[in-house]
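Structural overview for review
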Amino acid sequence: MSIYLDDVLLPDLRWEPAAGPGPVRVERLQTLGGRPLLLEDAVPLRAWDLVGDEDRGWIARGCLDHLLTMAALPGAVYRLAAGERPAVAVRFRHEDGPAVVAEPVFLSCPASPDDPVKNLRLKLMEVTA
């Protein structure tokens, strides 16, 4: 199954549901008398970790650097498409620690863009309008 994050072809990664409670949507209104009125309801959380390991999900250091650059843009929303699943809008989940994690296979200095990295983990969350 091909997985794309915008124009970046990702390796074969496992989909793991993210742990934790879902977010709450709050709408602030004002009564005719001027008092604040807060309407809260739960929003179903659709969050995933896309995970590689020792044997799968390896990428080149240059691709990892591109993903790190994408994750570093505040408020950025990307299109995640995987096989036949409908594409969804996602953002990186920075609130759960590093949003992009990987380990180098070789400890070369300086690192080459072609050097492989393993144990890739991308933390993503669906963005709804």
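Residues numbered from 1 in each chain as written. Predicted model: local features only at pLDDT ≥ 70, side-chain atom pairs only at ≥ 80, totals over all residues. Heavy atoms only, no water.

1. Describing the nonpolar core
Considering soluble globular proteins, one finds that nonpolar side chains tend to be buried as a cluster. One finds Leu-5, Leu-10, Leu-67, Leu-80, Phe-92 and Leu-122 to be the most contacted residues of the largest nonpolar core, which totals 26 residues. For this core, the elements supplying multiple residues, two or more each, are strand E1 (3-5), strand E2 (8-10), strand E6 (47-51), helix H1 (61-71), strand E8 (78-82), strand E9 (88-92) and strand E11 (116-126). Looking at this core element by element, the count peaks at 5 residues for H1. Not counting chain neighbours up to four residues away, the residues in contact with Leu-10 comprise Ile-3, Leu-5, Leu-50, Leu-67 and Leu-122. (Core = buried A, V, L, I, M, F, W, Y, C linked by side-chain atoms within 4.5 Å. Buried < 20%, exposed > 50% of the residue type's maximum accessible area, 1.4 Å probe, protein only. Helix = DSSP H or I, 4+ residues; strand = E, 2+ residues; numbered from the N terminus. Contact = heavy atoms within 4.5 Å.)

2. Observations concerning H1
Turning to H1, its buried residues number three or more, namely Cys-63, Leu-64, Leu-67, Met-70 and Ala-71. Relative to the axis of H1, the buried residues are bounded by an arc of 115° and lie together on one face. (Arc of directions from axis to C-beta.)

3. Notes on the pairing of E6
A large share of E6 lies buried, amounting to 5 of its 5 residues. Burial along E6 is two-sided: Ala-47, Asp-49 and Val-51 and Trp-48 and Leu-50, pointing in opposite directions, are all buried. Pairing between strand E3 (residues 14-17) and E6: 4 bridges, direction antiparallel. When the sheet's bridge partners are listed, Pro-17 is paired in E6 with Trp-48. In terms of strand pairing, E6 meets E11 through 5 bridges, oriented antiparallel. Within E11, the residue paired with Ala-47 across the bridge is Met-125. (Pairing = 2+ DSSP bridges.)

4. As for the pattern of salt bridges
Tallied over the entire structure, the rule returns 10 salt bridges. Residue Arg-46 is joined to Glu-126 by a salt bridge in which the shortest nitrogen-to-oxygen separation is 3.1 Å. Of the two residues, Arg-46 sits in the loop between strand E5 (36-42) and E6 while Glu-126 sits in strand E11, which places them 80 residues apart along the sequence. We note a salt bridge from Glu-54 to Lys-118, for which the minimum N-O separation is 3.0 Å. Separated by 64 residues along the polypeptide, Glu-54 in the loop between E6 and strand E7 (59-60) and Lys-118 in strand E11 bring together distant segments of the chain. Because the salt bridges share partners, they merge into one network encompassing Arg-14, Glu-16, Asp-49, Asp-53, Arg-93, Asp-96 and Arg-121. (Salt bridge = Lys/Arg side-chain N within 4 Å of Asp/Glu carboxyl O.)

5. Some thoughts on the side chain of Asn-119
The topology assignment puts Asn-119 in strand E11. Relative accessible area serves as the criterion here: at 17%, Asn-119 is assigned to the buried category. For Asn-119, the side chain forms a polar contact with the side chain of Glu-103, separated by 3.2 Å. Setting aside chain neighbours within four positions, we find Asn-119 in contact with Gly-52, Asp-53, Glu-54, Val-101, Ala-102 and Glu-103. (Polar contact = N/O pair within 3.5 Å; in protein donor to acceptor, adjacent residues only side chain to side chain.)

6. A look at the packing of aromatic side chains
Scanning the entire structure with this criterion turns up 2 aromatic pairs. Residues Trp-15 and Trp-48 carry aromatic rings whose centres are separated by 5.7 Å and whose planes lie at 80° to one another, so their mutual orientation is edge-to-face. Here Trp-15 is found in strand E3, whereas its partner Trp-48 is found in strand E6, with 33 residues between them in sequence. Under the relative-accessibility criterion, Trp-15 is labelled partly exposed at 22%. Geometrically, the ring pair formed by Tyr-78 and Phe-92 is edge-to-face, given 5.8 Å between the ring centres and 75° between the ring planes. Here Tyr-78 is found in strand E8, whereas its partner Phe-92 is found in strand E9, with 14 residues between them in sequence. Among the residues examined, Phe-92 registers a relative accessible area of 3% and is labelled buried. Sitting over the face of the ring of Trp-15, Arg-85 holds its NZ or CZ atom 4.2 Å from the ring centroid. (Phe/Tyr/Trp six-rings, centres within 6.5 Å; stacked < 30°, edge-to-face > 60°. Lys NZ or Arg CZ within 6 Å of the ring centre and 35° of its normal.)

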